[in-house]
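# Residue-level structure breakdown
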Amino acid sequence: MSVAETKAEKLDGWNRPPAMEPEGEGELLEIAMGPHHPSTHGVFRMDVTLDGERVMRLKPVFGYLHRNHEKIAEGAAYLASMPYTDRLDYFCSLSNNWAYALAVEKLVGQQVPERAQYIRVILAELTRIQNHAASIGFLIQEMGASGTPLMYAFRQREKIVDLFESLTGSRMMCNYMRFGGCRVDVSAAWLESARTVVAGLPAFVDEFEALLTTNEILMARCQGVGVLKADLAVNASVTGPLLRASGVNYDIRKVDRYGIYDRFKFRVPLGDHGDVYDRYMVRVLEMRESIRILEQALPAIPAGPIMDPKAKLRGFRPKPGEAYGRIEAPKGELGFYLISDGSPNPYRYRVRPPSLINLTILEDMCLGQNVADVVLIFGSVDIVLGEVDR
Amino acid sequence: MLGEGILKGMAETAKNFAGSFVSEDRLTTVEYPEQRIPTFENARVFPFLVYDGSDWAAGMRCVACQICEKECPPKCIYIEKSQDKKPDFVGKPQFYPARFDIDVSVCMSCQICVEVCPFEAIKMDTEFELATDNRFGGLLLDREELAKSNEYYHRIHPTEADEVDARLNSEKAAAEAKAKAAAQAAAAKSADAAKPSPAKPAPSTGGED
Amino acid sequence: MKSVEEIKTAIEAAVPGAGVEFVSNPSPSAQHSLRLAPDRAVEIARFLRDDPELALDFCSNVTGIDWLDKEFSEKVKVKRTVTKTIDGVEQPVEETVEETRKRVEPGYLEAVYHLYSVAKGHGPVVIRMRTGNRSDRVELPSLTPIWRGAEFQEREVFDLYGIVFKGHPDLRRLLMWDGFKDHPMRKDYVEPDDYEYEPTPHDAVLKRAQAHKAMAGK
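This write-up is about the structure you can find in this document. (Residues numbered from 1 in each chain as written. Chains lettered and ligands numbered in written order. Predicted model: local features only at pLDDT ≥ 70, side-chain atom pairs only at ≥ 80, totals over all residues. Heavy atoms only, no water.)

### Here's the deal with the overall build of chain C
For clarity, the threshold we go by: In DSSP terms, a helix is any run of H or I states spanning at least four residues, a strand is any run of E spanning at least two, and both are numbered starting from the N terminus. Our radius of gyration looks at C-alpha atoms and nothing else; its globule reference is 2.2 Å times the residue count to the power 0.38. For every residue, the accessible area (1.4 Å probe, protein chains only) is compared with the maximum for its type, and the residue is labelled buried under 20%, exposed over 50%, or partly exposed between those bounds. Throughout, a contact is declared for two residues whenever any of their heavy atoms are within 4.5 Å. Calculation of accessible area relied on Shrake-Rupley with a 1.4 Å probe; when residues are assessed, cover is drawn exclusively from the protein chains displayed. The positive count covers Lys and Arg only, the negative count covers Asp and Glu only, and His and the chain ends enter neither. In this description, the location of a charge corresponds to atom NZ of lysine, CZ of arginine, CG of aspartate or CD of glutamate.
For chain C, the count of helices and strands is four helices and nine strands. Scaling as 2.2 N^0.38, a compact globule of 218 residues should have a C-alpha radius of gyration of about 17 Å, whereas chain C reaches 25 Å, well beyond that. Principal-axis analysis of the C-alpha atoms places the extent of chain C at approximately 85 × 60 × 35 Å. Out of the 218 residues in chain C, the part that is buried amounts to 46%. Within chain C, counting contacts between residues at least 6 apart in sequence, those at least 24 apart form 54% of the total. For chain C, the accessible surface area stands at approximately 11,200 Å², while carbon and sulfur atoms represent 50% of it. Once the 32 positive and 38 negative side-chain charges of chain C are each reduced to a mean point, those two points are 1 Å apart.

### Remarks on the overall build of chain A
In terms of helices and strands, chain A carries 16 helices and eight strands. Against the 2.2 N^0.38 benchmark of 21 Å for 390 residues, chain A shows a C-alpha radius of gyration of 21 Å, consistent with a compact globule. Along the three orthogonal principal directions, the C-alpha set of chain A runs to about 70 × 50 × 45 Å. Sequence-distant contacts in chain A: of pairs separated by 6 or more residues, those separated by 24 or more amount to 73%. On chain A, roughly 12,900 Å² of surface is accessible, and the fraction owed to carbon and sulfur atoms is 55%. Side chains of chain A carry 45 positive and 49 negative charges; the gap between the two charge centres is 8 Å.

### Details of the packing of aromatic side chains
Short version of the rule: Two rings from Phe, Tyr or Trp (for Trp, the six-membered ring) form a pair when their centres sit within 6.5 Å of each other. Planes less than 30 degrees apart are called stacked, planes more than 60 degrees apart edge-to-face, and all others tilted.
Per the counting criterion, the structure on display carries 26 aromatic pairs over all chains. Where A:F62 meets C:F152, the ring centres are 5.2 Å apart and the plane angle is 75°; that geometry is what we call edge-to-face. Separated into two different chains, A:F62 in the loop between β3 (54-61) and α2 (69-74) and C:F152 in helix α3 (residues 150-161) make up a pair that spans both. Judged on exposure class, the residue A:F62 and its partner C:F152 are both buried.

### Describing the packing of helix α1 (residues 4-14) of chain C against helix α2 (residues 41-50) of chain C
All names here are of chain C. We apply this condition: For helices, the axis comes from a line fit to the C-alpha atoms of the stretch in contact; other axes are also lines fit to C-alpha atoms, and the angle between any two N-to-C directions lies between 0 and 180 degrees. Here the angle decides the label: under 35 degrees means roughly parallel, over 145 means roughly antiparallel, 65 to 115 means roughly perpendicular, and every other value means oblique. In this scheme, a crossing is called left-handed if the near helix is turned counterclockwise away from the far one by less than a right angle; it is called right-handed if the turn is clockwise. When residue character is reported, Ala, Val, Leu, Ile, Met, Phe, Trp, Tyr, Cys and Pro are called nonpolar, Asp, Glu, Lys and Arg charged, and the others, Gly included, polar.
The N-to-C vectors of α1 and α2 enclose an angle of 115°; their axes lie 10 Å apart at closest approach. Judged by the inter-axis angle, α1 sits roughly perpendicular to α2. For α1 against α2, the interelement crossing comes out right-handed. In this structure, α1 uses I7, A10, I11 and A14 to contact α2, whose residues at the interface are I44, F47 and L48. Taken together, the residues that form the contact of α1 with α2 break down as seven nonpolar, no polar and no charged.

### Comments concerning the interface of chain A and chain C
For clarity, the threshold we go by: The term buried area means the drop in 1.4 Å probe accessible area that two parts suffer when joined, counted for both and summed. Salt bridges are defined as contacts in which a side-chain nitrogen from Lys or Arg sits within 4 Å of a carboxyl oxygen from Asp or Glu.
Contact with chain A, which involves 52 residues of that partner, is made by 52 residues of chain C. Summing both partners gives a buried area of about 4,200 Å² for chain A against chain C, and 52% of it is carried by carbon and sulfur. Put simply, chain A and chain C have five salt bridges between them. A salt bridge links C:R148 to A:D364, with the shortest nitrogen-to-oxygen separation between them at 3.0 Å. At five residues, the largest contribution of residues to the side of chain A that touches chain C is made by strand β6 (residues 321-329) of chain A.

### A closer look at the nonpolar core
Note the threshold: We call a set of buried Ala, Val, Leu, Ile, Met, Phe, Trp, Tyr and Cys residues a nonpolar core when their side-chain atoms join them within 4.5 Å.
Among the nonpolar cores identified, the biggest contains 179 residues, and A:Y176, A:W190, A:L359, A:L362, C:L48 and C:Y113 are the most heavily contacted of them. Tallying contributions element by element places helix α5 (residues 114-143) of chain A first for this core, with 14 residues. Setting aside residues up to four positions removed in sequence, C:Y113 forms contacts with C:C59, C:N61, C:V62, C:V125, C:V126, C:I127, C:M129, C:P141, C:L143, C:A150, C:E154 and C:F165. One finds B:C62, B:C72, B:V114 and B:M124 within the second-largest nonpolar core, a separate group that totals 26 residues.

By themselves, these observations are geometric and do not establish any function.
What follows is the structure, encoded as structure tokens:
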């Protein structure tokens, strides 16, 4: 009847990946990629059905790293879950801290001082840069460029991780943010070294791009591979660079304006085709935008307290109620859903893991592709198994 | 031209290869264990217990309040409170831990014990070479193994230790001043009691009586 | 964006007879939610997605909650006939006695969906559904046909809470293995006694480890 209705029908039909018809007479081959496959970044299995080289069916199998993080958190006090959030997406512990702190702050209606807001933005953007650099490095490594781009990414990441260590005491398991602020204050010397690192970042991205962006092998392998259509991406709750590479303008930093992101000028890079190359490009451009945010945030950081004076470290008991808080983590929308019943432990603690939900359409992206490209498509989703399996 | 991108990338790797011989910035790895990168002042590995003075048992700051045991997320701390009391740094009698174990195979270095400790007794160490051939007993540290002197604390976290010392000294000074004032008041009171001065009007309402 | 009450009115106008209930959230986040009757939920969800004004095309978060049986004890005044000895003679006397009565509100499982709109940039709209009880009436309609993003999350809820989503295209366990019994996120879940010995020399862990070792020795 109307256009809207046909669109709705199309959306309804998307609850399954399309069925594939085998070509030719040959038998189908079922293989298990993983759990110990070098490309799976941990323990993850894909049961792939192949017709020759073509992927006919792909079923991801999860749970090898499942430790029931949510159950552990429901048995612990609110603060005691903070170090556990570091271990979800262990590449981006500071983003995880922020998401959890944000959800709890929503639950109790806490305000965060200016200085702490700036520190959070600076750390979250540094996290985004190091995550994107490393994830591109891994993607290229899976394509066969064993090491070089990954080592360049890690060399730069090392500097950022050193910044984290000198501030929070740990390179990856930072456990830095608290409800209503941050744990330790940044010193002038730290800000100075952060400025030095940020000043070196544009040169690094330039070098990285010179190495990769116009590389013919990379283009041949990535362009037109693993295409994800925009409306399917939205319908399947895909978030982060994966969604924006499909051309959907949805960045929670812009939509929710959590923290103080409305004060900074930055653009949201969008892809055109939704293929692996676009995802690579969106990540590179996001690094550049993050550098822009850092260049604005570092000089503007005000003096003042870093903790809400009303915040309590011990004996924290939110009033009954519930809250869902979410941030734009480097991998996508990271949300925490908390229900309090007035006791020191959350009654319900739920993590919305971007890595897991972005894998919903892994099969759709891989169908009809070559088996060698599965590795590439999977790498371009950018997951961490600590977050997928929780 | 086909291959231009590859050549551009090759130029970049060549630059890095040559640069790694001259630029520290391009070669960041070191040959551990011969070479070491100094740890950061804020670095944290596993907790230790601070003691003052030279005798760890006498100078232990921990008063076995068991807050860290309760707040520890993975529950790696085990404390048994003593039966008797010993004087703490201000001279006030306090309990001490008869047993204080930290299982470092369970500890996740989150530092929450340090944050919640009201007595500045537990701090984070920077020692990371803890390999042992005994998986169970070797990684279960008792209070003697955990006790480290305040000097050691100053050596690994100088800024933080100075702050802590300043805070403790001011607390001690306040306690001493209070004790002194109390002693003086007591002395004055006993003097008053011995020699009641008729010039001083007696309080109209008997608050003390 | 429309307020939750306005959305409720819109749903009732579009889906006649939809049992939608407003659930208030007392926390400062003020994320109030709508409780849908399971039998009309798919219809309502389709309306929420396709309505041009709401356009909730993005189902961000799906999760389960386990609400145990709630026991209330209340004091009731009851009249009772008691036999008492008055003046040496036993006779029935009527007395008012306070009695504590226990009332049990049956528990249920709940599925919660957080919806956003990518097209309009608003949200969240929180919808929830309840099962009949926690044991045998645990079926809810699946919203995966409306939002594909619910696919893995509903599987996870099925796995960890045991809510059976009718109409889900591929309802299998997600995180636990296929032969696993029970649902670990339920509040009354009892951990199996099959873990490795932990060196921690104290606590319940040690007691259970010792018990386990003793059992294993027999």
